[in-house]
Amino acid sequence: MTAVAITETEGEYNFAYLDEQTKRMIRRAILKGIAIPGYQVPFAAREMPMPYGWGTGGVQVTAAVLGREDTLKVIDQGSDDTTNAVAIRGFFEKTAQVKTTSATKDATIIQTRHRIPEKELTEDQILVFQVPIPEPLRFLEPRETETRKMHALEEYGLMHVKLYEDIAHHGRIATTYAYPVKVADRYVMDPSPTPKFDNPKIDNMKALQLYGAGREKRIYAIPPYTKVKSLDFDDHPFEVQKFDKPCGLCGARHVYLDEVVLDDQGGRMFVCSDSDYCEERRADGHLGDMAANPAASHLAGKSSGTAKTEAGE
Amino acid sequence: MYVAVKGGEKAIRNAHRLMATKRRGDRSVPGLTLDQIAGQLAIAVTRVMGEGSLYDEGLAALAIKQARGDLIEAVFLLRAYRTTLPRFGYSEPVDTGAMLVERRISATFKDLPGGQLLGPTFDYTHRLLDFKLAADGELDTPLTAEVTETAMPRVTDLLSGEGLIEEDVQPEETAAVGDLTREPLSFPAGRDLRLQNLARGDEGFLLALAYSTQRGYGRTHPFAGEIRYGAVEVEFFAEELGFAVPLGRINVTECQMVNQFKGSAKVPPQFTRGYGLVFGQVERKAMSMAMVDRSLRCEELGEERTAPAQDEEFVMSHSDNVQATGFVEHLKLPHYVDFQAELDLVRRMRGEWFDRQAADQAAASDAIGSGATDTSEKEAAE
């Protein structure tokens, strides 16, 4: 059989992988999204060299807005070092040769999954979210034909009934992440599965927020300084998670914490989910009550020199 | 604790290196060549080409090798490559009536113009493991026959004279054919998009859906009107030349299901059709596709929509195995931020639940202690 011949055709990919035509198409969708805050714009998402559900929407949005002068930060669960964040950052290092950073303040574009950085973002930054299911009404109504109609008619009664039923059954709204918001008094939007702790940050944010859902082929946006309200009731106002303890490493309060299991005796500690924020605080001399504890040393990462050799194995 | 570790970069690199070694297997055994895969695992190769939407045996063989035989992973590799290729345009419709037929069977007629041609098939083999094959024993050379020039018209064309079977809908010459790889899908989708979606769809998913219609979930009473497999010519209309030029030949399986239909308010009683077309000899998929295509036409034929296989949005949104596998497997990614939020909620709700239980119990024992009647006991517990 001679039909099988593989030639070296891999060649070179375009800057940031996508061809310019595709980027233009995505930028048009982004502009439409910005013009209609919170509205889900259908776009012809491409097949990417990473699996659907692993950030293909965010990657396409980032690729479309990325320029050679940009500095990119990629986080997953608040951290730059989680495996998927590493993989996506590596993808852009390879295909776009842009500068990357883990410092929130140095980044011009931040692609994220499941968290918003603790440090307040600026007007010069773009926050790109990876979105698995863009439709906030999806689990109330599985049909796209129906949910599009509901958005068009601003028919959000079903969502309020759901929240009310939560209160009736559980005494509170039992949604802890992907907590629905209303954008600019019009569209109900899913802020992607960030914990509701982060919802107040998306209200009136200085940075542009872009949301990309690759598998579902939707893009939506929140322009800077846009009113974003978490849905609630007068007698059951929206509230965020509160942690009893400060971060064990840097002592920060009023930040989102990860619970880390230390042993099988019930030992655990709470540390900042935003690893850059935590490192910066420790570099500034803030220390939590577990900072000196050897059990926590491998969590401290870069800023504590001795920990580095244990890490990563 | 793989998520909290620093140095994920190194871990990923090492994991992939280990993977490459595992892929190669025992190094004292010769490695597979792409020719071996393309020539001897031909049905796997064509399945990957079909669901990967790219007709290239060499690349499909490479994808299968790279994916260690994981066909869905191979489909994904091929799709990710395909999406980077420049697109020059769309070919002319292939003429399956002019196919160089290697196999052609009809279950609805004993004989028909052009005859029945069994061709290469697993059908009627006894599924007994062939130990000679394990030892790579001698192989009989296949018998050959004279090539006949008789035309092999499609069964559905033979039947259509009487009006017993619905005519092919002839779209207007200028009507644009949809392409779901270029435009986001919206519902209701036309039959062109449905067929494209099914042609790219997962064989197993379509098989299960087709099977469900046979078991009563949206029954369509199908007969295998015709299944044909062979080579067809692909032509491309070159604007500069003003005529179509042949690009080459591809092997396809075409299946036309003929379905009993008692008529409805919209349509008189007649046979209706479902259509399946796939790359290579993947008959199971071609048949499943034809059955699901027919089921999805329920609206147009005025049938009641009751079953999953009739639900366009359900079928089309879940048929793509690259999408499905990505989203199912993304659960392997860290989710601890959201899990933390849920932990917090469950802890609080459990706390309240136990408090309530304790309060109820205390109230109940107080009531019994004071020798209260049934009604006051109930009140105390409120």
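All figures in this text were calculated on a predicted structure; none of them were measured in a lab. (Residues numbered from 1 in each chain as written. Chains lettered and ligands numbered in written order. Predicted model: local features only at pLDDT ≥ 70, side-chain atom pairs only at ≥ 80, totals over all residues. Heavy atoms only, no water.)

**A look at the overall build of chain B**
- When helices and strands are tallied, chain B shows 14 helices and four strands.
- In terms of overall dimensions, chain B is more spread out than a globule: its C-alpha atoms have a radius of gyration of 29 Å, far above the 21 Å expected for 382 residues.
- Taking all 382 residues of chain B together, the buried fraction comes to 37%.
- Of the contacts formed within chain B by residues at least 6 apart in sequence, a portion of 64% connects residues at least 24 apart.
- If you sum the accessible surface of chain B, you get close to 22800 Å²; carbon and sulfur atoms cover 57% of it. (Helix = DSSP H or I, 4+ residues; strand = E, 2+ residues; numbered from the N terminus. Rg over C-alpha atoms; globule rule 2.2 N^0.38 Å. Buried < 20%, exposed > 50% of the residue type's maximum accessible area, 1.4 Å probe, protein only. Contact = heavy atoms within 4.5 Å. Areas by Shrake-Rupley, 256 points an atom, 1.4 Å probe, with all protein chains shown as cover.)

**Looking at the overall build of chain A**
- Helix and strand counts for chain A stand at eight helices and 12 strands.
- Taking all 313 residues of chain A together, the buried fraction comes to 57%.
- Pairs at least 24 residues apart make up 61% of the contacts formed inside chain A by residues separated by at least 6 positions.
- Of the roughly 13700 Å² of accessible surface on chain A, 51% is carried by carbon and sulfur atoms.

**Some thoughts on the sheet that holds strand S7 (residues 187-189) of chain A**
Residue and element names in this part refer to chain A.
- In spatial order, the strands read S7-S6-S10; together these three strands make up an open sheet with antiparallel pairing. Every other strand in the sheet has two partners, leaving S7 and strand S10 (228-230) as the edge strands with one partner each. Going from strand to strand, the sheet's axes swing by 30° on average, the running direction of each strand aside.
- In the sheet, strand S6 (residues 181-183) pairs with S10 via three bridges, with the strands oriented antiparallel. The residue bridging Val 181 from the neighbouring strand is Ser 230, located in S10. (Pairing = 2+ DSSP bridges. Axes fitted to C-alpha atoms, helices over the stretch in contact; angles between N-to-C directions.)

**Re the domain arrangement of chain A**
All names here are of chain A.
- Structurally, chain A comprises domain 1 (20-134 + 178-228) and domain 2 (242-313).
- For domain 1 versus domain 2, the distance between C-alpha centres works out to 27 Å.
- Taken together, the contact between domain 1 and domain 2 spans 16 residues of the former and 10 residues of the latter.
- Summed over both sides, the interface between domain 1 and domain 2 buries roughly 1100 Å², with carbon and sulfur atoms accounting for 45% of that surface.
- Contact with domain 2 buries surface across domain 1, with Glu 118, Lys 119 and Phe 197 losing the most and accounting together for 41% of the total.
- Summed over the shared surface of domain 1 and domain 2, the result is one salt bridge.
- A salt bridge links Lys 119 to Glu 280; its shortest N-O distance comes to 3.0 Å.
- On the surface where domain 1 and domain 2 come into contact, there are seven residue pairs in polar contact (both at pLDDT 80 or more). (Domains from an automatic or database assignment. Buried area = accessible area lost by both parts, 1.4 Å probe. Salt bridge = Lys/Arg side-chain N within 4 Å of Asp/Glu carboxyl O. Polar contact = N/O pair within 3.5 Å; in protein donor to acceptor, adjacent residues only side chain to side chain.)

**Quick notes on the pairing of strand S8 (residues 208-213) of chain A**
All names here are of chain A.
- When you tally the buried positions in S8, you get six out of six residues, the bulk of the element.
- Residue alternation in S8 divides its side chains into two sets, Leu 208, Leu 210 and Gly 212 and Gln 209, Tyr 211 and Ala 213, and both sets are buried.
- Two elements, strand S5 (residues 126-130) and S8, share five bridges in a ladder whose sense is parallel. Bridge pairing in S8 links Ile 126 to Leu 208.
- Bridging between S8 and strand S9 (residues 218-222) involves five bridges; their strand directions are antiparallel.

**Here we look at the interface of chain B and chain A**
- Taken together, the contacts link 59 residues of chain B with 66 residues of chain A.
- Summed over both sides, the interface of chain B with chain A buries roughly 5300 Å², with 57% coming from carbon and sulfur.
- Inspection of the chain B/chain A interface yields five salt bridges.
- Close ionic contact of Arg 79 of chain B with Glu 47 of chain A constitutes a salt bridge, the shortest N to O distance being 2.7 Å.
- Only helix H1 (8-24), helix H2 (34-40), helix H4 (57-66), helix H5 (71-82), helix H12 (321-329) and helix H13 (336-369) of chain B provide two or more residues apiece to the side of chain B that touches chain A.
- Per-element accounting of the side of chain B that touches chain A gives the leading share, 13 residues, to H13 of chain B.
- The residue inventory of the side of chain B that touches chain A, partitioned by class, reads 27 nonpolar, 12 polar and 20 charged. (Nonpolar A, V, L, I, M, F, W, Y, C, P; charged D, E, K, R; others polar.)

**Concerning the packing of aromatic side chains**
- In the structure shown here, the tally under the stated rule is 11 aromatic pairs over all chains.
- Among the aromatic side chains, those forming a connected cluster through ring pairs are Phe 197, Phe 243, Tyr 256 and Phe 270 of chain A.
- The positively charged end of Arg 186 of chain A is found above the aromatic ring belonging to Tyr 187 of chain A, 4.2 Å away from the centroid.
- Across the ring face of Phe 327 of chain B, the terminal group of Arg 215 of chain A is positioned such that the distance to the ring centre comes to 3.6 Å. (Phe/Tyr/Trp six-rings, centres within 6.5 Å; stacked < 30°, edge-to-face > 60°. Lys NZ or Arg CZ within 6 Å of the ring centre and 35° of its normal.)

**Notes on unusual backbone geometry**
- A cis amide bond, omega 0°, links Phe 187 of chain B with the succeeding residue Pro 188 of chain B.
- Its location among the elements puts Pro 188 of chain B in the loop between helix H7 (155-159) and helix H8 (191-200).
- One non-glycine residue with positive phi stands out, namely Ser 192 of chain A, at about 70°.
- Mapped onto the secondary structure, Ser 192 of chain A falls in the loop between S7 and helix H6 (199-202).
- Of note, Lys 217 of chain A is a non-glycine position whose phi angle comes to about 60°, a positive value.
- Mapped onto the elements of the fold, Lys 217 of chain A is located in the loop between S8 and S9.

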